Amino acid sequence: MTAQSAAAAARATVYGYPRQGQNRELKKAIEGYWKGRVDADALRRTAADLRRSNWRQLADAGIHEVPSGDFSYYDHVLDTSVMVGAVPARHRAAVDADALEGYFAMARGTQDVAPLEMTKWFDTNYHYLVPELGPDTVFAADSAKQVAELREALALGLTARPVLLGPVTYLLLAKPAPGVAADFEPLTLLDRLLPVYAEVLADLRAAGADWVQLDEPALVEDRTPAELNAATRAYRDLGGATDRPKLLVASYFGRLGDALPVLAKAPIEGLALDFTESGAANLEDLAAVGGLTGKRLVAGVVNGRNIWINDFEKSLATLGTLLGLADQVDVAASCSLLHVPLDATAESDIAPEIAHWLAFARQKSTEVATLARALAEGTGAITAELAANRAALASRAGSALTRDPAVRARTAAVTDADGRRSQPYAQRTTAQRAHLNLPLLPTTTIGSFPQTTELRTARADLRKGLIDTAGYEERIKEEIRDVLSFQEKTGIDVLVHGEPERNDMVQYFAEQLTGYVATQHGWVQSYGTRYVRPPVLAGDISRPEPMTVRWTSYAQSLTDRPVKGMLTGPVTMLAWSFVRDDQPLGDTARQVALALRDEVNDLEAAGTSVIQVDEPALRETLPLRSSDHADYLAWATESFRLTTAGVRPETQIHTHMCYAEFGDIVQAIDDLDADVISLEAARSHMQVAGELAAHGYPREAGPGVYDIHSPRIPSAEEATALLRKGLEAIPADRLWVNPDCGLKTRGWPETRTSLENLVTAAREIRAQLAADGS
């Protein structure tokens, strides 16, 4: 096929689309179902309406081939576990009795049965449910969801391509099931899993699928020869089947590397690659293997993870080069659009100058279609679009909103000494223990308490003008008083004010820092029905005035116990925002760190003795390739120390991390030089405590004993058992007792009982240690 005919055949497609709906209809329907206000049929109707709306939006934007099967009630990895029959034994009865109830039990747990573990999806803030597998796992195909959703799309007259999580990535994401040896490798189940995938593919072919997409993002990470051999075998077997659709294997989030020649040689019909900045090397690698003769190439040239408009001329240059490297070149976003908000035109409060720089899922779909049209018909077909694109890019590059000389001068003046505490930890801890006078196994929480309906109503009423600022602030004070009173009565040692004034742990600060832009409708799924609105980091960052001092000081005035100051750290402020792409991330992190440093110093000056700077995204943002780790960890740990190093030795600095794999960044955790770290550990059964011990972590740590992402209430006995397990790895004089994460999403009844049980467990262990003379 010539380059000309390849261009003429260019099609526009995407790998996935936001699930929630314009007004988060899916969230409301699912949570209504959980509370008994919405029945299962109504929930299914809402989901079907949203799928149809999504497909029509894509078709109207000019997308030629829409994805199906990417829609999920909770998580697409959990959907894959259902598809292949990998239901944990403890959930089997629930699934057999009621498939929908059983599905949510796997995701959230019940009072009697723990949920699946949850962790981050590669280097994103999306959380997936970790498959639990073992040598006795028996797979069985269940393609009902995938087939039904394909038929829905085809019934609308659309060309649809089912999207499945690929078998290699599925197994690489899995962990040994409870009771299975820790060194069990789920990838050894590949030969058992492949016939199940072949059966699903055959079912989709029979239902009308011409193409099926198999997502293999795990192949953009460092992979061993054995893992690459597994990929070779997987696609040799699946590609060799006769009763199947055409196969498009999709990679995203970066460079495919050593897996590229494996897939280029495989008996599959198509390959999808990332050609945005994170995957730029794919272009050279593709040329090095001789291109994709006889195959379809889907080129991800529109960034699916950030919200800035595409540079059309740059993308068209890339696409032009690719025309000589494959028989067919189609245009796509670099990954599923699940990771960006739905529609930028809904943001009426954003300044028009900035709004022209933004592209959410709908706009990115239009960009993909525009580029495909230019590839097929020539740039003359998009003359107006090219002119508007050039103007918007020039506007952003030259805008005074993006550069603040004072911020840049301060950042340039930073020295190594600015990122070092005045005393080492061994000396600081003595001063802190004398100052704080805490008991053995001190108890605390991570920061937030339940955001009640009354709080949300008060916040909404303030926005609508139904109450004045004074009335709203009195409601906040009342909430702080209630939260402190509960903690004191329960016996918690280091208190928090509960954060009733905060809407989100990143957005709250972004709204008070220059350089950030907040959205009103920019919702993005984090996990299940939890959606966040990542702010847009558009310019240089500074802090005009204190952000948290007032409410922390008010809380401290009500109690003699220490009240933690609570801040979100610089890495997480970047990771959970849409970051600027016109300067290195390390430069932006340094700006944010200096703004937060001012806040930390002001908290200390106001009498706050314990300050927590949360960095749950430190592991999440770790690059997928080990060759990129050192540079990232250098600026990430430096920015944390720059935030916290200006305080006195007796001021205790805490940090917090959750829902990630920490084992490979323990040295970086050490390098933060925080005095205390709290970590998610309940679902993973204290795994992180062992990892800290193996590293020789010398500071204090609180591995969580209460899984706050499940509605179940852990008993005092369960918390005690977890604490005992923690004590096997961490000495009692360095062990804290706390939940996994903040309590914002939980209700008061479960929070109250769970924390009472947590304190009971700590007291029991203290008494036992005292009796033993420890």
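Let me sum up the structure you'll find in this document. (Residues numbered from 1 in each chain as written. Predicted model: local features only at pLDDT ≥ 70, side-chain atom pairs only at ≥ 80, totals over all residues. Heavy atoms only, no water.)

**What to know about the overall build of the chain**
The helix and strand inventory of the chain stands at 29 helices and 20 strands. Referenced to the eigenvectors of the C-alpha coordinate spread, the extents of the chain come out at roughly 75 × 60 × 50 Å. The proportion of buried residues among the 774 residues of the chain is 62%. A separation threshold of at least 6 residues defines the contact pool for the chain, and within that pool the share at least 24 residues apart is 80%. Carbon and sulfur atoms make up 50% of the accessible area of the chain, which totals about 28100 Å². (Helix = DSSP H or I, 4+ residues; strand = E, 2+ residues; numbered from the N terminus. Buried < 20%, exposed > 50% of the residue type's maximum accessible area, 1.4 Å probe, protein only. Contact = heavy atoms within 4.5 Å. Areas by Shrake-Rupley, 256 points an atom, 1.4 Å probe, with all protein chains shown as cover.)

**Here's the deal with the nonpolar core**
Core analysis: the largest hydrophobic core is formed by 121 residues, its most contacted members being Trp121 and Leu319. Look past the residues within four positions of leucine 319 in its chain and what remains in contact with it is Ala299, Val301, Val329, Val331, Leu371 and Leu375. Judged by nonpolar contacts, the second largest core, of 91 residues, contains Leu537, Cys658, Tyr706 and Trp748. (Core = buried A, V, L, I, M, F, W, Y, C linked by side-chain atoms within 4.5 Å.)

**What to know about the packing of helix H19 (residues 453–464) against helix H20 (residues 469–490)**
At a minimum axis separation of 10 Å, H19 and H20 run at an interaxial angle of 165°. Classified by the angle their axes make, H19 and H20 are roughly antiparallel. Considering the relative orientation of H19 and H20, their crossing is left-handed. Residues Glu454, Leu455, Ala458, Arg459 and Leu462 of H19 form the contact with H20, whose participating residues are Thr469, Tyr472, Arg475, Ile476 and Glu479. Split by residue class, the contact of H19 with H20 holds 5 nonpolar, 1 polar and 4 charged. (Axes fitted to C-alpha atoms, helices over the stretch in contact; angles between N-to-C directions. Parallel < 35°, antiparallel > 145°, perpendicular 65-115°, else oblique. Left-handed = near helix turned anticlockwise from the far one by under 90°. Nonpolar A, V, L, I, M, F, W, Y, C, P; charged D, E, K, R; others polar.)

**Quick word on the pattern of salt bridges**
Taken as a whole and judged by the stated rule, the model has 52 salt bridges. In this structure, arginine 428 engages aspartate 675 in a salt bridge whose closest nitrogen and oxygen atoms are separated by 2.9 Å. Here arginine 428 is found in helix H18 (residues 425–436), whereas its partner aspartate 675 is found in the loop between helix H26 (666–671) and strand S19 (676–679), with 247 residues between them in sequence. (Salt bridge = Lys/Arg side-chain N within 4 Å of Asp/Glu carboxyl O.)

**Description of the pairing of strand S7 (residues 211–215)**
With 5 of its 5 residues buried, S7 lies for the most part within the structure. Both strand S5 (residues 160–165) and S7 contribute to a ladder of 3 bridges, which runs parallel. The residue bridging valine 163 from the neighbouring strand is glutamine 213, located in S7. Sheet analysis places S7 next to strand S8 (residues 246–250), joined by 5 bridges and oriented parallel. In the sheet register, glutamine 213 faces S8, and the bridge partner there is leucine 248. A crossover links S7 with its parallel partner S8, the connecting element being helix H10 (residues 225–240), and its sense is right-handed. (Pairing = 2+ DSSP bridges. Right-handed = clockwise from strand over helix to strand, strands pointing away.)

**What about the packing of aromatic side chains?**
The tally for this structure, following the rule as stated, stands at 16 aromatic pairs. Centre to centre, the rings of phenylalanine 449 and tryptophan 748 are 5.5 Å apart; their planes meet at 40°, and the pair counts as tilted. Here phenylalanine 449 is found in the loop between H18 and H19, whereas its partner tryptophan 748 is found in helix H29 (residues 748–772), with 299 residues between them in sequence. Taking the relative accessible area as the measure of exposure, tryptophan 748 reaches 16% and is therefore buried. Ring pairs connect the aromatic residues Tyr15, Trp121, Phe122, Tyr128, Tyr252 and Phe253, which therefore count as one cluster. The positively charged end of arginine 108 is found above the aromatic ring belonging to tryptophan 34, 3.6 Å away from the centroid. Cation over ring: arginine 396 sits above tryptophan 308, and NZ or CZ is 3.7 Å from the ring centre. (Phe/Tyr/Trp six-rings, centres within 6.5 Å; stacked < 30°, edge-to-face > 60°. Lys NZ or Arg CZ within 6 Å of the ring centre and 35° of its normal.)

**Focus on H29**
Between its first and last C-alpha, H29 extends 36 Å over 25 residues, near the 36 Å set by a 1.5 Å rise per residue. Positive backbone phi, approximately 75°, marks glycine 773, located one or two places after H29. (Expected span 1.5 Å × (residues − 1).)

**Here's the deal with helix H12 (residues 281–288)**
If you check which residues of H12 are buried, you get Asn282, Asp285 and Leu286. Each buried residue of H12 sits inside an arc of 100° when the element is viewed along its axis, so together they form one side. Exposed residues lying more than 90 degrees from the buried face of H12 are Glu284 and Ala288. Those residues of H12 that are buried are in contact with helix H11 (259–265), strand S9 (270–274), strand S10 (292–302) and helix H13 (312–322). Where H12 terminates, the next one or two residues include glycine 290, which has phi positive at roughly 85°. (Arc of directions from axis to C-beta.)

**Points about the sheet that holds strand S17 (residues 610–614)**
With parallel pairing, 5 strands are arranged side by side in an open sheet as S16-S17-S18-S19-S20. Two strands close off the open sheet at either side, each with one partner strand: strand S16 (565–568) and strand S20 (700–703). Going across the sheet, the axis of each strand differs from the next one's by a mean of 20°, ignoring polarity. Both S17 and strand S18 (residues 652–657) contribute to a ladder of 3 bridges, which runs parallel. Of the residues in S18, the one forming a bridge with valine 610 is glutamine 652. Packed on one face of the sheet, H18 meets S17, S18 and S20 and runs near 70° to S20.

**Observations concerning unusual backbone geometry**
A positive phi is found at glutamate 499, a non-glycine position, where the angle reads about 60°. Position of glutamate 499 among the secondary structure elements: in the loop between H20 and helix H21 (507–510). Given a relative accessible area of 11%, glutamate 499 falls into the buried group. Of note in this structure, methionine 686 is not a glycine but carries a positive phi near 70°.

Distances and angles like these do not, on their own, reveal function.
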